Every structure is written in structure tokens, then in C-alpha cells.
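Reading the structure
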Amino acid sequence: MKAMILHGGVGKVKNEKRDRVEAGLKRAIEAGYKILCEKNDALVACETAVNVLEDEPVFNAGTGAVLTLDGRCELDAAIVKGSTLEAGAVAGVENIKNPISLARMVMEKTDHVLLIGDGANNFARLMGIPDYNPITEERLEEWRKLKSLLIKGEPIHWKKIQELIKQYPELLHGTVGCVAIDDNGEIVAGTSTGGVFLKLFGRVGDTPILGAGTYATPFGGASCTGIGEGIMRTLLAKTACDFMKMGISAQKTAEACIDLINNTVMTETGIITLDKSGKIGFAHNAENMPVAFVSSLDNEIKIAGFSSE
Ligand code: GLY
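As a structural note, the neighbourhood of the ligand is formed by Thr175, Thr193, Gly195, Val196, Arg203, Gly205, Asp206, Thr207, Gly226, Ile227 and Gly228. Taking arginine 203, its side chain carries an N or O atom lying 2.7 Å from an oxygen atom of the ligand. Aspartate 206 places a polar side-chain atom, nitrogen or oxygen, 2.7 Å from a nitrogen atom of the ligand. If you map the ligand onto the pockets, it falls in the largest cavity. Split into classes, the residues belonging to the shell around the ligand amount to two nonpolar, seven polar and two charged.

Following this line, the structure appears as C-alpha cells:
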């Protein structure tokens, strides 16, 4: 059984961006699923799908990711192989095009799991990855507008981010993630993000923290999106994998994870899941969480997760 599910982040999708979000998800799942079918390799398929999402500026990952309070692009990503628990992650990397590929290099070329900041940037250069500026004019414009609102007295401190996000729910939108399974039963989860708009410099979210935003085991995999602090405090992706190990379906797992969030930290969150039988699940507590999924049962790509549905 081959199957794959992607998310394009939780939050509000503005009407004018919906076509780009849908098209990006479609391109990503087509590229990832092609690899899954031709190479039967969930790792390469997951990385490829996330690369396509990172390269599409409408999502908050790679090119066009959101900016920190001081206007920089600090990117996080992680990838996990369920069968062996091999994993790689990077946090706070700058000047890089595809953080998920750097995370894979951490997994395959080092004895470590997580590299951060300058060290991760130096590792990227060592690996021959060229300098790349992921900041787009569109994001800079959004950042300028938000900064000026903040200067006019809007909440600026991180503790107030919840208020800020209630007021501007589109700020959350965009982390990307993928969970895939190949015919060997290998489950791979990957997530890539710029974090949350106007995050404090140096802030790391859930994405590169194994078991928080990204995790996979032989029983299932999960990728999360939303306010990273809540996802870290509930170790949501690991919790999802534990639920699937207990035999709970991927869909019920996703719903139980959102219940857990709603009953504890109450932060905006979304999650995609995939279990060892190739069944997928997704749930969120926000306005939108665009997802795309496909399996070898019918090879039909489905897109869901927009609020008008
Ligand atoms: N979920 C993305 C972040 O909080 O960084």
C-alpha cells in the first residue's frame, strides 16, 4: 500500500490566495506520489513533496516564509523515518532554499539529530548547498504592514501572540508537512516552516522538535501545524503515533489530538496522520487547513480542508 498526505498549514486562507494554495498542494502531491510509485521510497517522496511546497511562496516554508520581528527568515524543518527512528532536523537556518533537504542531510551525514542557527548554516555550506535568499517582496510587504500596526500600539510581545493571531488569523497560515508510506511499510514524516510571523529572533517552534511537530514510528506518522508552543507542550506528533500504535485509526487519532489541544493548551493547531495500513487522517481547530492526499487504492488525488466545504 502506498499513500501520502500533505498539509499547507493551519489558519485562514485569504480568498485571493486559495487557488495558489490548491495548485501548490496539487503540484506537491503529484511530484511526491510519482516518486512513491516509481521508486517505492517514502523518504525521497516525502522530501520531494515538501521541496515543492517550500518552493511555492504562498506557503510559510522555504521561499516566502514569514519573517521574525527583526525582519529575518529563520527556517525550521525535520524529517523522521518510522522504521528506524532515524531523524534529522534544523532550526533557525537562514539563506537556504530547502530546509527539509538540509534536515535529511543531518540525518544521513552526521551523528546528530538537530543542528541550529549558524552551525546549521555552516553545515549547509559544507554540504555544498549554495546561499539563497528566501525572503520575497510579498512577505516583506506584509511584514512592513504588521510592523507599522505594532508600532501604532498593537500587541508586540510574544506573550501576546495569541491576541495578535486572533486579530490576524492569516498570520498562522502556511507551515507545510507530509507523511508518506511505501510498499515496504516505511513511514516518513516531514515538516518545514518559517514559524509564526513576528516571532522573536531565535525562537524555535514545534516543527524541528521530534515528537512535537514531526514524528514517525513503524505504526504511523504525523506532521503538525499551528502555534508551535502548544504543540511542543503536548508532544502532539508523538502522542499521535502512540495512539496509532494502540490501534486507533489515523482519523480518530487526528481528532483525539485536536481534542487534547482543545482541552489543554487551547492553541490553534492542525495535524495530519497516516497509519501502517496506509489510512490517512487530518483534523484542526482553525478556519482552514488545506490538505491533499492520495493512495494506491484508487490513485486519485483529493484536496480538502477549506472552510467553505
Ligand atoms: N508550527 C510552526 C511553528 O510554530 O513554528
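Further remarks concern unusual backbone geometry. Backbone geometry follows two general trends: most residues other than glycine have a negative phi, and most peptide bonds adopt the trans configuration. In this structure, asparagine 40 is a non-glycine residue whose phi angle is positive, near 50°. Phi is positive for leucine 235, close to 45°, though the residue is something other than glycine. By the secondary structure assignment, leucine 235 is in the loop between α7 (228-234) and α8 (236-245). Taking the relative accessible area as the measure of exposure, leucine 235 reaches 40% and is therefore partly exposed.

Below, the discussion takes up the sheet that holds strand β10 (residues 280-284). Strands sit in the order β7-β8-β9-β10 across an open sheet of four strands; the sheet is antiparallel. Looking along the sheet, the strands with just one partner apiece sit at the ends: β7 (214-217) and β10. Taken pair by pair, the neighbouring strands of this sheet meet at an average axis angle of 10°, ignoring direction. Two strands pair when backbone bridges link them, and β7 and strand β8 (residues 220-226) are joined in this way by four bridges, in the antiparallel orientation.

Along the chain, threonine 136 falls in the loop between α4 (117-126) and α5 (137-151). Ignoring any residue separated from it by four or fewer positions in sequence, one finds threonine 136 in contact with Pro57, Thr63 and Gly64.

Quick look at the packing of helix α1 (residues 15-39) against helix α2 (residues 42-55) now. The N-to-C vectors of α1 and α2 enclose an angle of 160°; their axes lie 8 Å apart at closest approach. Considered as vectors, α1 and α2 are oriented roughly antiparallel to each other. Once α1 is placed against α2, the crossing between them reads as right-handed. In contact with Gly24, Leu25, Arg27, Ala28, Ala31, Gly32, Ile35 and Leu36 of α1, α2 contributes Ala42, Val44, Ala45, Thr48, Ala49, Val52 and Leu53.

All right, on to the packing of α8 against helix α9 (residues 250-263) then. Close contact between α8 and α9 brings their axes to 9 Å; oriented N to C, the two are set at 140°. Viewed along their axes, α8 and α9 adopt a mutual orientation that is oblique. Crossing of α8 over α9 shows right-handed handedness. Contacts from Leu236, Thr239, Ala240, Phe243 and Met244 in α8 reach Ala250, Thr253, Ala256, Cys257, Leu260 and Ile261 in α9.

Summed over all chains, the structure comprises two cavities of 30 Å³ or more. What the largest cavity holds in volume is close to 90 Å³. Taken together, 14 residues make up the lining of the largest cavity; nearest its centre are Thr175, Thr193, Gly195, Asp206 and Gly226. The residue makeup of the lining of the largest cavity, split by class, is three nonpolar, eight polar and three charged.

A word on the nonpolar core. Ranked by size, the top nonpolar core spans 54 residues in total, and within it Met4, Leu6, Ile79 and Leu102 carry the most contacts. Broken down by element, the residue count for this core peaks at eight residues, all from α2. With residues near it in sequence (within four places) discarded, leucine 6 still touches Leu25, Ala28, Ile29, Ala49, Leu53, Gly177, Cys178, Ile272, Pro290, Val291 and Ala292.

Considered as a void within the structure, the second largest pocket measures approximately 150 Å³ in volume. Every residue lining the second largest pocket is listed: Met1, Ala3, Gly278, Lys279, Ile280, Phe293, Val294, Ser295, Leu297, Asp298, Glu300 and Lys302. The leading source of residues in the lining of the second largest pocket is strand β11 (residues 291-295), at three residues. The residue inventory of the lining of the second largest pocket, partitioned by class, reads six nonpolar, two polar and four charged.

So, on to the sheet that holds β11. Within the open sheet, the eight strands sit side by side as β4-β3-β2-β6-β5-β1-β11-β12. Their pairing is mixed. Among the strands making up the open sheet, the edge pair consists of β4 (114-116) and β12 (302-304). Within this sheet the neighbouring strands show an average axis-to-axis angle of 10°, counted without direction. As paired strands, strand β2 (residues 75-81) and strand β3 (residues 87-93) are joined by five bridges and run antiparallel to one another. Looking at β3, one finds that alanine 78 is bridged to alanine 89. Against the sheet, helix α3 (residues 99-109) contacts β2, β3, β4 and β6 (187-193), and its axis sits at roughly 130° relative to β3.

Before going further, it helps to examine a nonpolar patch on the surface. On the surface, a cluster of nonpolar side chains totalling about 250 Å² of accessible area is made up of Val113, Leu114 and Ile116. Tracing the chain through its elements places valine 113 in the loop between α3 and β4.

Conventions adopted
- Residues numbered from 1 in each chain as written.
- Predicted model: local features only at pLDDT ≥ 70, side-chain atom pairs only at ≥ 80, totals over all residues.
- Heavy atoms only, no water.
- Near = heavy atom within 4 Å.
- Polar contact = N/O pair within 3.5 Å; in protein donor to acceptor, adjacent residues only side chain to side chain.
- 1 Å grid on protein atoms, 1.4 Å probe; cavity = no way out; pocket = protein on both sides within 12 Å on 5 of 7 lines; lining within 4 Å.
- Sits in = over half its atoms within 2 Å of the grid points.
- Nonpolar A, V, L, I, M, F, W, Y, C, P; charged D, E, K, R; others polar.
- Helix = DSSP H or I, 4+ residues; strand = E, 2+ residues; numbered from the N terminus.
- Buried < 20%, exposed > 50% of the residue type's maximum accessible area, 1.4 Å probe, protein only.
- Pairing = 2+ DSSP bridges.
- Axes fitted to C-alpha atoms, helices over the stretch in contact; angles between N-to-C directions.
- Contact = heavy atoms within 4.5 Å.
- Parallel < 35°, antiparallel > 145°, perpendicular 65-115°, else oblique.
- Left-handed = near helix turned anticlockwise from the far one by under 90°.
- Points joined across faces, edges and corners; volume = space filled by probe spheres on them.
- Core = buried A, V, L, I, M, F, W, Y, C linked by side-chain atoms within 4.5 Å.
- Patch = residues over 30% accessible without salt bridge, like charges linked within 9 Å, V, L, I, M, F, W, Y side chains within 5 Å.
- Areas by Shrake-Rupley, 256 points an atom, 1.4 Å probe, with all protein chains shown as cover.
- Salt bridge = Lys/Arg side-chain N within 4 Å of Asp/Glu carboxyl O.

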